[in-house]
Protein chains: 2
Amino acid sequence: MSTATPEMTRKEIPDCYPSRQLTEPHTQDRVDPVVYGHAQGGHGLSEAQLLAFDRDGYLFFPELFPRDEIRSYAGELQRLAAKGGTGPETILEPSSGDVRSIFQVHRNHAVFRDLSRDRRLTRIAFGLLDSDVYIHQSRVNLKPGFVGKEFYWHSDFETWHVEDGMPRMRAVSCSINLTDNHATNGPVMVIPGSHRQFVACVGQTPENHYQKSLRRQEYGVPDQAILSRLAAERGIEAPVGPAGSVLFFDCNLLHGSNSNITPFPRSNIFFVYNSTLNRLTDPFGNIPPRPEFVATRDGVDPILRNG
Amino acid sequence: MSTATPEMTRKEIPDCYPSRQLTEPHTQDRVDPVVYGHAQGGHGLSEAQLLAFDRDGYLFFPELFPRDEIRSYAGELQRLAAKGGTGPETILEPSSGDVRSIFQVHRNHAVFRDLSRDRRLTRIAFGLLDSDVYIHQSRVNLKPGFVGKEFYWHSDFETWHVEDGMPRMRAVSCSINLTDNHATNGPVMVIPGSHRQFVACVGQTPENHYQKSLRRQEYGVPDQAILSRLAAERGIEAPVGPAGSVLFFDCNLLHGSNSNITPFPRSNIFFVYNSTLNRLTDPFGNIPPRPEFVATRDGVDPILRNG
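All of these numbers come straight from a predicted model, not from anything done at the bench.

(A) Main features of the overall build of chain A. The number of helices and strands found in chain A is 8 helices and 12 strands. The buried share among the 307 residues of chain A stands at 59%. Counted over contacts in chain A with a minimum sequence separation of 6, partners at least 24 positions apart contribute 86%. By element, 50% of the accessible surface of chain A is carried by carbon and sulfur atoms, the whole surface being about 11900 Å².

Pasting the structure below:
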């Protein structure tokens, strides 16, 4: 089992996870490990944590960052959002036109660049992926109160594989709460264990689909019967905690969120750590790659495990 | 302080809770009691329960009905929904066309009529309202999995007062879970204590507004700043429990629900007990009354406390 290197092109790399190619939805077993770093002691992750991540596909770290520090990140986000959005990195709410997300903050904003390389986060990524890493995607999300919209179930990896050319499952996402998360303000929900299967979706992907999908998902949508089966097996969890809490989850874990009519916003920072051994090739969906601000392809800036 | 009797007409009854008349939102204190039945011992409600209802505006009764009995109600609902909807009592989802709610089940379907008069429920209504009661409105809701839509914050009383002519706050709603409620499948959320203020809304009500509002609320919407203040004071609660659990809440308690993307539906039966001393007059919004299936006006069929 070889891992993709940057020099390889699409033609040389087998598609281990075909999706959006058939007319019937189906699942297949994951062919990649979940935890790569087990043998190496996990960079400070306990045996129990590694086992839990392997089984559930996520780890929740309550209050990993102190409240004061989080407040400064939240302030930075407010400043960026107040400037409004002109560049493509800024995604607006379809109805209100308010800023919903800002992408590529790890490259464009020093505060978030430093945070993305903070050892409190990267040690976890190293421990799970057992390699140097880089930021595949970063963004800050404002999910406002009252009008926060739902985000339907999806596997990030499915999209990254089909639309970005991420060859294998060797990436983890990290969501840092900038606000207190409650059960009631539309927290991220996960289907524990769903990362161990790959849910192939139906339908071809239209070009430039990403401009819409960042606001509303229409392709790469898992089948209802499959979702029902997976949720019946292990239920649905919504790990919640105060501002400063951090959720790490596997790139293939099914997750989504309900709307948020409460007055309490649910802002967060989102970093995706991908292994440098799993760099992007051509998209497996045979479409042009999405732009650099959504999926790092040329601007890889490794974060070294022993740096 | 007099209470409305059926013989009184709109002209003779002062509007104690004006709403949708001004251009600025505001709140006023409630002029009516919350618990009427206190002195009489509450028909089996404990002192602590009466105090909690007075303070919070709701009471939650986990598994008030056994699972077998609930299953038979759920089966009846499925039969009714499968027949589809032709009459006005059946409300469809705007997008999918699936049945969302069926109104007036306490009159049209024997099983639900019997349930609406079941002592396990009515004793609670008697205990809170201290009078004979009748069903002001009844419905069964199917809130399906995957596509269950959010329902924005509102006070039922605000609508019943403006659009139906309910004079005073002497009614309680009762929601019976037909499915297990989780924090994640869009449960009813309440703002505890919000029943003690009346949130006057802005905007005139168009005629026949109800045909739309049963699917999506656009009038009688509380102001965001007021909601923020109320939620900051007491937070937001989502009382959840297994099928058979029952939520009683005051007619003026602010409540709403988020969407439901989980595979788990959230069906329930909804009865509104209004005091026979609080029967409808002409709508205070100076619009024609809504139809009988939404608001009982002519077909009052009292449930006697000592019957």
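(B) Region of interest: the pairing of strand S5 (residues 133-141) of chain B. Residue and element names in this part refer to chain B. Among the 9 residues of S5, 9 are classified as buried, and the element is accordingly described as predominantly covered. Pairing of strand S4 (residues 99-103) with S5 involves 3 bridges; the strand directions are antiparallel. Bridge pairing in S5 places Ser 101 opposite Asn 141.

(C) Structural detail: the relation of the copies chain A and chain B. Expressed as a screw operation, the relation of chain A to chain B combines 0.0 Å of axial shift with a rotation of 180 degrees, fitting to an RMSD of 0.0 Å. Such a combination of turn and shift is consistent with a two-fold rotation axis. In terms of proximity to the rotation axis, the leading residue of chain A is Ser259(A), whose C-alpha is 2.7 Å off the axis. Comparing contact sets, 100% of the residues at the interface of chain A also lie at the interface in chain B, consistent with an isologous, same-surface contact.

(D) Main features of the interface of chain A and chain B. Counting from both sides, the interface comprises 25 residues of chain A and, opposite them, 25 residues of chain B. Summed over both sides, the interface between chain A and chain B buries roughly 2100 Å², with carbon and sulfur atoms accounting for 65% of that surface. With a closest N to O distance of 3.9 Å, Lys149(A) and Glu150(B) form a salt bridge. Counting across the chain A and chain B interface gives 11 residue pairs in polar contact (both at pLDDT 80 or more). Among the secondary structure elements, those contributing two or more residues to the side of chain A that touches chain B are strand S6 (151-154), helix H8 (224-234) and strand S11 (255-257) of chain A. Tallying contributions element by element places H8(A) first for the side of chain A that touches chain B, with 4 residues. Residues that form the side of chain A that touches chain B fall into these classes: 13 nonpolar, 10 polar and 2 charged.

(E) Quick peek at the pairing of strand S10 (residues 246-250) of chain B. Residues and elements named next belong to chain B. Most of S10 is tucked away: 5 of the 5 residues are buried. Two strands pair when backbone bridges link them, and strand S2 (residues 58-61) and S10 are joined in this way by 4 bridges, in the antiparallel orientation. Bridge pairing in S10 links Phe 61 to Val 246.

(F) Seen up close, the confidence of the model for chain A. Confidence along chain A averages 90 in pLDDT terms, with 90% of residues attaining 70 or more. Under the prediction, the complex receives an ipTM of 0.88, its pTM being 0.89.

(G) Examining the pattern of salt bridges more closely. Residues and elements named next belong to chain A. Within this structure, the stated rule accounts for 40 salt bridges over all chains. Between Arg 120 and Glu 69 there is a salt bridge, and its shortest N-O distance comes to 2.6 Å. In this pair, Arg 120 is assigned in helix H5 (residues 119-129) and Glu 69 in helix H2 (residues 67-82), connecting sequence segments 51 residues apart. We classify Arg 120 as partly exposed; its relative accessible area is 29%. Residue classification places Glu 69 among the buried positions, given a relative accessible area of 19%. Notably, a salt bridge pairs Arg 107 with Glu 292, separated by 3.0 Å at the nearest N-O pair. Remark: Glu 292 occurs in the segment after strand S12 (268-275) and Arg 107 occurs in helix H3 (residues 105-108); sequence separation between them is 185 residues. What emerges from the salt-bridge pattern is a single network uniting Arg 20, Glu 158, Glu 163, Asp 164 and Arg 290.

Thresholds, definitions, all that
- Residues numbered from 1 in each chain as written.
- Chains lettered and ligands numbered in written order.
- Predicted model: local features only at pLDDT ≥ 70, side-chain atom pairs only at ≥ 80, totals over all residues.
- Heavy atoms only, no water.
- Helix = DSSP H or I, 4+ residues; strand = E, 2+ residues; numbered from the N terminus.
- Buried < 20%, exposed > 50% of the residue type's maximum accessible area, 1.4 Å probe, protein only.
- Contact = heavy atoms within 4.5 Å.
- Areas by Shrake-Rupley, 256 points an atom, 1.4 Å probe, with all protein chains shown as cover.
- Pairing = 2+ DSSP bridges.
- Least-squares fit on C-alpha atoms with pLDDT ≥ 70 in both.
- Buried area = accessible area lost by both parts, 1.4 Å probe.
- Salt bridge = Lys/Arg side-chain N within 4 Å of Asp/Glu carboxyl O.
- Polar contact = N/O pair within 3.5 Å; in protein donor to acceptor, adjacent residues only side chain to side chain.
- Nonpolar A, V, L, I, M, F, W, Y, C, P; charged D, E, K, R; others polar.
- pLDDT = per-residue confidence, 0-100.

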